[in-house]
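Below are the chains, spelled out letter by letter.
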Amino acid sequence: MKSKKNKNSVQELIGIQTFTKRGLKTDKGELVYFLVAPTNISVLSKENITVKTWHLMQVLSGQPDIEISCIDSCERFDDNKANMLERLSIEQNKAVKECLRKDIDYLDNIQIEMSTARQFMFSVRFKKEKDEQVFNQINRIEKLIAEQGFEVRRMSKDDIKRFIAIYFGASMQGELIPDIDGKDAFDDEKLNEMVI
């Protein structure tokens, strides 16, 4: 007798069930996401950094169950650069070596320009709250974050898809990934005609 293998999808493994009008429904409740613009602390004085830290502490005090994620909002080129450096060390052709050096310099410049391209996502989980309670709490949280001097907005479905795609390294254009895998392979009109 063959044992049945457990074939979970990635969606099931990370607990995502579907998108909602406010965020994501997971097996542990609904998650609502806020995109918070980063502050470049490298140009702030020590006193201003202390103030920013205090403001973040106020947000966390006002909403202690908030979850924070930080990711690069751009692609990483580390693997490409490592591959080019390895290739450069064994390449014999001078013209190809020069092209590889230029490509490495180009990747270095891009990475320097994008090094401050971080994104912060604050998320709040709702388990059994009613729609009105969720709506009121979302507005209160967004106001709380904004009052502490942070640029914030609630994330749309496309924002969430892009963030998840970047997090899992799938794509830089996550908003273009279809909601249902494989749906684009079917012609809805023909399927509807077959049913009728």
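Above: the structure in question.
Per chain, residue numbering runs from 1 following the sequence as it is written. Local features in this predicted model are restricted to residues whose pLDDT is 70 or higher, and side-chain atom pairs enter the listing and the counts only when it is 80 or higher, whereas totals over whole chains, interfaces and linings include all residues. Only hydrogens and water are set aside; all other atoms, that is, all heavy atoms of the structure, feed into the side-chain values.

A. Region of interest: the overall build of the protein. Counting from the N terminus, the helices are DSSP H or I runs at least four residues long and the strands are E runs at least two residues long. Within the protein one finds seven helices and six strands. Along the protein, from the amino end to the carboxyl end, the secondary structure elements read α-β-β-β-α-β-α-α-β-α-β-α-α. Exposure is judged per residue with a 1.4 Å probe applied to protein chains only, and the accessible area is read against the type maximum: over 50% gives exposed, under 20% gives buried, and values in between give partly exposed. Residues classed as buried in the protein amount to 26% of the 196 residues present. Should any heavy atoms of two residues lie within 4.5 Å, those residues are counted as being in contact. Taking all contacts inside the protein whose residues are at least 6 apart in sequence as the whole, residues at least 24 apart take part in 66%.

B. Expanded view of the pairing of strand S2 (residues 23–26). Note: strand S1 (residues 16–19) against S2, three bridges, orientation antiparallel. Note that in S2 the partner of phenylalanine 19 across the bridge is leucine 24. We treat two strands as partners when DSSP finds at least two bridges between them. Linking S1 to S2, which pair antiparallel, is a turn of three residues. As judged from the four bridges shared by S2 and strand S3 (residues 29–36), these two strands associate in the antiparallel manner. By the bridge assignment, threonine 26 is partnered in S3 with glycine 29.

C. Representation of the side chain of serine 123 in the model. Assignment of secondary structure puts serine 123 in strand S5 (residues 118–126). You can call serine 123 buried: its relative accessible area is 4%. Serine 123 has contacts with Val32, Tyr33, Asp65, Ile66 and Glu67, leaving out every residue within four places of it along the chain.

D. Summary view of the pattern of salt bridges. We define a salt bridge as a contact between a side-chain nitrogen of Lys or Arg and a carboxyl oxygen of Asp or Glu at a distance within 4 Å. Scanning the model with the defined rule gives eight salt bridges in all. Of the charged contacts in the structure, one is a salt bridge between aspartate 131 and arginine 22, with a shortest N-O distance of 3.3 Å. One end of the pair, aspartate 131, is in helix H5 (residues 131–147); the other, arginine 22, is in the loop between S1 and S2, with 109 residues separating them in the sequence. The class of aspartate 131 is partly exposed, set by a relative accessible area of 47%. Residue arginine 22 is classed as buried on the basis of its relative accessible area of 14%. Between lysine 143 and glutamate 147 there is a salt bridge, and its shortest N-O distance comes to 3.8 Å. Residue lysine 143 and its partner glutamate 147 are both found in helix H5; the two are separated by four residues, about one turn of the helix. There is no split in this pair, since lysine 143 and glutamate 147 are both exposed. Salt bridges linked by common partners bring Arg22, Glu30 and Asp131 together as one network.

E. Here's a closer look at the nonpolar core. Only buried residues count toward a nonpolar core, which is a set of Ala, Val, Leu, Ile, Met, Phe, Trp, Tyr and Cys residues joined through side-chain atoms within 4.5 Å. Grouped together as the largest cluster of nonpolar side chains are 14 residues, with contacts concentrated most on Phe34, Phe122 and Ile145. Taken together, the elements giving at least two residues each to this core come down to S3, S5 and H5. By residue number, the principal contributor to this core is H5, which donates four residues. Every residue in contact with isoleucine 145, bar those within four places of it in the chain, is listed here: Val36, Val59, Ile66, Phe122, Phe150 and Val152. Of all hydrophobic cores here, the second largest spans 11 residues; its members include Tyr33, Met155, Phe163 and Ile166.

F. Geometry of the packing of aromatic side chains. We call Phe, Tyr and Trp rings a pair once their centres come within 6.5 Å, taking the six-membered ring for Trp, and we label the pair stacked below 30 degrees between planes, edge-to-face above 60, and tilted otherwise. For the coordinates displayed, the defined rule picks out zero aromatic pairs. Whether a charge sits over a ring depends on NZ of Lys or CZ of Arg being within 6 Å of the ring centre and within 35 degrees of the ring normal. Directly above the ring of phenylalanine 150 sits lysine 52, whose terminal nitrogen or CZ lies 4.6 Å from the centroid.

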